[in-house]
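# Architecture at a glance
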Amino acid sequence: MKLEAPSKKMLAITKSKAKMYEFAIDEASHIELPVDPRKLLVTTIGILGDLSAIEAREEQQVEETDEHEELKSKLISVGQYFDALIQSHLADEMTIYLKVIGSAAYYLANMPGSSIVLAKSLPYETELLTDTNLEGVLIWILKSDFDKGWYRVEETYLTQAIDDVGYATRRFFSLSVNAESLKRAIQVLRHEVYGKGSDRELLFVDIISSILLRKIKNSSINCLPKYTQIPIEKWVNVITKPKFVQEFWPAQRLLGEQGVLSGLSAVVQMPTSAGKTKSTELIVRSSFLSGRSDVAVIVAPFRALCREITATFEHAFEDEDVNINELQDVLDISDSDDDLIRFLTGQASKDGMATKSIVVTTPEKLVYLLRHEPALADSIGLLIFDEGHQFDTGRRGVTYELLMAYLKSRVGDDVQKVLISAVMANANSIGEWLNGEAGIEIQGAGCIPTVRSTAFASWQTEMGQLQYIDQDREADRDFFVPRVIEQINLGTRGRERTDRLFPARNDNPSIAAYLGLKLCHQGPVAIFCGVKSTVTSICDLLVDYYDRGLVLPPPSTSSDQSELDKIAHLASLHFGDEFIFTRSISLGILPHSSNIPNGIRVSVEWAMTWPNRTDQPS
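This section reports on the structure supplied with the text. (Residues numbered from 1 in each chain as written. Predicted model: local features only at pLDDT ≥ 70, side-chain atom pairs only at ≥ 80, totals over all residues. Heavy atoms only, no water.)

## Here we look at the nonpolar core
- Core analysis: the biggest nonpolar cluster contains 108 residues, and Leu134, Leu189, Phe204 and Ile358 have the highest contact counts within it.
- In terms of residue count, helix 4 (residues 95-108) provides more of this core than any other element does, 10 residues in total.
- Contacts of Phe204, omitting those with residues within four sequence positions, involve Tyr97, Val100, Ile101, Leu129, Thr130, Leu134, Glu135 and Leu138.
- Membership of the second largest hydrophobic core comes to 44 residues, among which are Phe23, Ile25, Ile511 and Ala607. (Core = buried A, V, L, I, M, F, W, Y, C linked by side-chain atoms within 4.5 Å. Buried < 20%, exposed > 50% of the residue type's maximum accessible area, 1.4 Å probe, protein only. Helix = DSSP H or I, 4+ residues; strand = E, 2+ residues; numbered from the N terminus. Contact = heavy atoms within 4.5 Å.)

Here's what the structure looks like:
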């Protein structure tokens with residue numbers, strides 16, 4: 001089955017309808033649908049079913065066919081269609097079914113991030129989609145939380161076979177059985193369904209089989225020994241940690257295939273959200289376990305990023321013989337800095353001090369320490385430069401580049417050096433300069449685990465629209481969402497003679513603020529500001545417009561007001577009650593730039609990213 005031009009048109013229509021709900025456009029203003037998008041269901045389910053059936057066959061694990069590759073190339077669009085159909089409310093009676101097959105399609109399309117988002121929205125216990133509740137174990141597999149149980153139905157012809165697959169999956173990921181035991185359970189289940197099952201059960205069992213075979217192949221149990229050249233026995237204590245990665249995402253597999261996990265130096269281009277922090281953890285762990293290093297230094301250009309990396313690593317290496325040190329970004333040598341330097345350079349020992357150390361620091365702080373104690377460079381066994389493209393930006397970029405040049409000359413050639421960046425135009429040249437012939441360049445631009453949408457705002461008629469571009473062919477249009485931007489007249493105040501209109505045409509910050517207000521009630525929204533002054537101007541603009549009676553609900557209505565009050569109180573201590581930032585924070589509009597005091601920035605970062613909160617400031 002293929003997605004031909006008419007199918008692609010229906011997919012675009014479905015996406016457009018879903019975006020209208022996302023931007024809270026009144027249903028009376030929705031565009032009239034020229035065709036029923038549900039007509040695409042048969043084709044998309046057929047593509048998912050065909051690919052799953054091919055991958056579920058044992059012989060497919062040996063040789064991939066042209067048909068298989070063609071089906072794989074369509075799966076992202078299939079997943080997007082199921083996702084958009086849910087959001088468009090055109091098939092609400094099928095929501096659970098669409099979420100199940102949508103999550104499966106994303107997973108098989110190597111989009112694990114988008115897959116888990118849909119899977120997490122599914123309850124373990126749903127209305128039955130099949131008499132045997134085969135979907136119960138499929139939902140459990142998609143969620144990948146194998147400590148929990150799957151929802152089951154007693155006394156069906158599949159109950160025992162489903163249980164055998166569930167128990168074998170749990171035991172495989174806890175290192176209690178090998179992959180062959182799980183594969184045998186999968187084949188027994190598939191044989192049973194192919195003998196007696198309904199059409200939907202046939203679809204589900206092929207999806208279950210193909211997903212589990214992928215999970216075996218991509219599991220940490222399989223990938224770690226293969227990519228790091230370190231026996232599985234040395235990884236047991238790490239693999240069995242509850243929060244360690246169960247399986248490698250595409251970016252992590254790419255690093256492994258290119259030899260980075262076995263010690264090769266590299267310049268890596270990896271898009272945001274591709275699993276960069278987990279990849280960094282894997283590089284550090286493999287370096288420590290192989291004995292290549294005892295000290296890893298991670299250089300990040302921003303204090304906020306250093307804090308994020310440190311918090312993540314403290315959680316990841318909890319109860320392990322590893323010391324995590326985040327150096328304070330103050331150009332002075334504190335007592336703790338001095339103790340760390342003396343320990344790392346062998347001048348002192350610490351009772352109970354971990355034998356392995358991870359140092360997280362900004363370029364400025366590391367330069368300062370190296371001037372104070374040059375011998376510190378000799379203790380470094382692994383260097384990771386995060387956001388490497390930043391040395392192309394201004395004065396701080398010069399410091400970053402000079403630090404890299406100094407470390408390059410001071411550390412030995414055998415020290416692994418990895419530079420990671422989301423965007424880098426001259427990665428090959430940088431790689432040759434940093435690592436010479438010993439290093440490699442890795443292009444991971446295609447390793448995006450979640451579907452992203454890119455749109456351009458266009459405002460040539462009374463109401464503005466968003467034009468989305470095709471993710472594979474950036475020069476082509478994908479679909480558009482009309483009537484997204486509707487100007488609001490806020491009148492005049494005092495001696496003003498011109499009405500204040502929001503948003504203002506040809507004013508990018510104003511339009512960005514308007515779209516942010518439209519989206520913020522669905523979750524946190526970030527507006528990128530090219531210069532620091534724009535942060536202040538957007539806060540000023542929105543506070544003023546809400547004073548004028550702006551009817552759009554402020555972000556605070558979808559936020560934890562008690563948390564906003566705490567951050568606003570902190571801002572008032574710095575600036576006073578009437579300062580623009582204090583007032584904007586009360587509305588749920590949180591400023592973040594280097595002009596903001598560090599305490600407020602940290603509070604804003606926590607409020608926007610705290611993982612256990614369902615209602616956050618926007």
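## Concerning the environment of Ile430
- Relative to the elements of secondary structure, Ile430 occurs in helix 18 (residues 427-435).
- Along the backbone, Ile430 and Glu441 are 11 residues apart, and their C-alpha atoms lie at a distance of 9.1 Å.

## Focus: the side chain of Lys19
- Positionally, Lys19 belongs in helix 1 (residues 5-22).
- Discounting residues that sit within four places of it in the chain, Lys19 has contacts with Ser453, Tyr468, Phe479 and Val481.

## Quick notes on the sheet that holds strand 1 (residues 266-269)
- Spatially, the 7 strands line up as an open sheet ordered 3-4-2-5-6-1-7, and their pairing is parallel. Two strands in the sheet have a free side with no partner beyond their single neighbour: strand 3 (322-326) and strand 7 (440-443). The sheet shows a mean angle of 15 degrees between the axes of neighbouring strands, taken without regard to direction.
- By the bridge criterion, 4 bridges tie strand 2 (residues 295-299) to strand 5 (residues 382-385) in an arrangement that is parallel. (Pairing = 2+ DSSP bridges. Axes fitted to C-alpha atoms, helices over the stretch in contact; angles between N-to-C directions.)

## Regarding the pattern of salt bridges
- Using the criterion set out here, one finds 21 salt bridges in the structure.
- For Glu22, the salt bridge is made with Lys19, and the minimal N-O distance between the two is 3.0 Å. With Glu22 and Lys19 both in helix 1 and 3 residues apart, the pair spans about one turn of that helix.
- Between Lys215 and Glu247 there is a salt bridge whose closest N-O contact spans 2.6 Å. Of this pair, Lys215 sits in helix 9 (residues 199-218) while Glu247 sits in the loop between helix 11 (232-239) and helix 12 (250-257), and the two are 32 residues apart along the sequence.
- Here Lys215 falls in the buried class, since its relative accessible area comes to 2%.
- Three or more residues joined by partner-sharing salt bridges are found here, namely Lys241, Lys278, Glu281, Arg285 and Glu320. (Salt bridge = Lys/Arg side-chain N within 4 Å of Asp/Glu carboxyl O.)

## Quick notes on the packing of aromatic side chains
- Under the criterion given, the structure shown has 14 aromatic pairs.
- Geometrically, the ring pair formed by Phe575 and Phe581 is edge-to-face, given 5.8 Å between the ring centres and 70 degrees between the ring planes.
- By relative accessible area, which is 30% here, Phe575 ends up partly exposed.
- Following the ring pairs from residue to residue traces out a cluster consisting of Trp140, Phe146, Trp150, Tyr167, Phe172 and Phe173.
- Lys143 extends its terminal NZ or CZ atom over the ring of Tyr124, reaching a point 4.9 Å from the ring centre. (Phe/Tyr/Trp six-rings, centres within 6.5 Å; stacked < 30°, edge-to-face > 60°. Lys NZ or Arg CZ within 6 Å of the ring centre and 35° of its normal.)

## Some remarks on the environment of Ala568
- Structurally, Ala568 is set in helix 21 (residues 561-575).
- You can call Ala568 buried: its relative accessible area is 8%.
- A C-alpha to C-alpha distance of 9.3 Å links Ala568 and Leu590, two positions 22 residues apart in sequence.
- Beyond its immediate sequence surroundings of up to four residues, Ala568 is in contact with Thr582, Ile585 and Ser586.

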